[in-house]
Amino acid sequence: MPEIVQLLASPVHRFVGRPADGPAPAPPGELVDEVHLRAGLGIVGDRYFGKPAHRNASVTVIARESLPPGADLVQVRRNILTAGIAVDDLVGSVLTLDSGDGPVRLQVNRPANPCAWMDVTVGPGAFRALRRKGGVRCTPLDDGVLRVGPVAVTIDT
């Protein structure tokens, strides 16, 4: 069964400046057991929540199958880590996730392309390895809650 493996809602940008200088420290509590989404705005408490420039990319989803062993959301800075969902194939679709609190629809707008920071945070070669597997950028279409654990999945094209 598909699952939500991790959730990240971080109030700060960690990848600022040059990758060679390393990321800013992670704030405590950015990995959470549940997130609250608002339609058209993103994840409450996240750095991109309600930012007009990020309305079509306020929620990012990546598949665990795309990451090397040991890598997680802290390194790749996506919001939702799934297992059992081929998210990179969903651009142009509506991904509906229901982790027990009702369905939340995400309009999958475009790929979340990796950047040079991946070689620093995940490991050498990660930037190249994550091309076409860096996840997707989405807009939430509903208010709702997502939790870590099993998730019901519907995909509408």
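One structure accompanies this document, and this report is about it. (Residues numbered from 1 in each chain as written. Predicted model: local features only at pLDDT ≥ 70, side-chain atom pairs only at ≥ 80, totals over all residues. Heavy atoms only, no water.)

### Section: the overall build of the chain
Stage number 1. For the chain, the helix and strand inventory stands at 3 helices and 12 strands.
Stage number 2. Over its C-alpha atoms the chain spans a radius of gyration of 14 Å, differing by no more than 12% from the 15 Å that the globule rule assigns to 157 residues.
Stage number 3. When the backbone C-alpha atoms are referred to their principal axes, the chain occupies close to 40 × 25 × 25 Å.
Stage number 4. The burial tally for the chain puts 43% of its 157 residues in the buried class. (Helix = DSSP H or I, 4+ residues; strand = E, 2+ residues; numbered from the N terminus. Rg over C-alpha atoms; globule rule 2.2 N^0.38 Å. Buried < 20%, exposed > 50% of the residue type's maximum accessible area, 1.4 Å probe, protein only.)

### What about the environment of Ala-39?
Stage number 1. Relative to the helices and strands, Ala-39 resides in the loop between β3 (34-38) and β4 (42-43).
Stage number 2. Separated by 67 residues in sequence, Ala-39 and Leu-106 place their C-alpha atoms 9.0 Å apart.

### What about the sheet that holds β4?
Stage number 1. Taken together, the 3 strands give an open sheet; going across it, the order is β4-β3-β10, and neighbouring strands pair in antiparallel fashion. The open sheet has two edge strands with one neighbour each: β4 and β10 (144-147). (Pairing = 2+ DSSP bridges.)

### As for the nonpolar core
Stage number 1. Formed by 22 residues in total, the largest nonpolar core has its most connected members in Leu-37, Val-59, Val-61, Ile-80, Leu-106 and Leu-146.
Stage number 2. Breaking this core down by element, the ones donating at least two residues are β1 (3-8), β3, β5 (59-63), β7 (94-98), β8 (104-111) and β9 (136-140).
Stage number 3. Of all hydrophobic cores here, the second largest spans 11 residues; its members include Leu-8, Ile-62, Leu-81 and Leu-130. (Core = buried A, V, L, I, M, F, W, Y, C linked by side-chain atoms within 4.5 Å.)

### A short note on the pairing of β5
Both faces of the sheet carry side chains from a regular strand, because those side chains alternate between them.
Stage number 1. The element β5 is largely enclosed, with a buried count of 5 among its 5 residues.
Stage number 2. With burial as the criterion, each face of β5 is covered, one bearing Val-59, Val-61 and Ala-63 and the other bearing Thr-60 and Ile-62.
Stage number 3. Strand direction decides the pairing type here: β5 and β9, joined by 3 bridges, are antiparallel. Bridge pairing links Val-59 to Cys-138 in β9.
Stage number 4. Direction of pairing for β5 relative to strand β6 (residues 80-83): parallel, over a ladder of 3 bridges. In the strand pairing of β6, Ile-62 is matched with Leu-81.

### Some points on the pattern of salt bridges
Stage number 1. Using the criterion set out here, one finds 7 salt bridges in the structure.
Stage number 2. The salt bridge involving Asp-101 is made with Arg-147; its shortest N-O contact spans 2.4 Å. On the criterion of sequence distance, the pair formed by Asp-101 in the loop between β7 and β8 and Arg-147 in strand β10 is long-range, its members being 46 residues apart.
Stage number 3. The salt bridge partner of Arg-105 is Asp-142, with a shortest N-O separation of 2.9 Å. Here Asp-142 lies in the loop between β9 and β10 and Arg-105 lies in strand β8, a separation of 37 residues in the sequence.
Stage number 4. The partly exposed category is assigned to Arg-105, whose relative accessible area is 35%. (Salt bridge = Lys/Arg side-chain N within 4 Å of Asp/Glu carboxyl O.)

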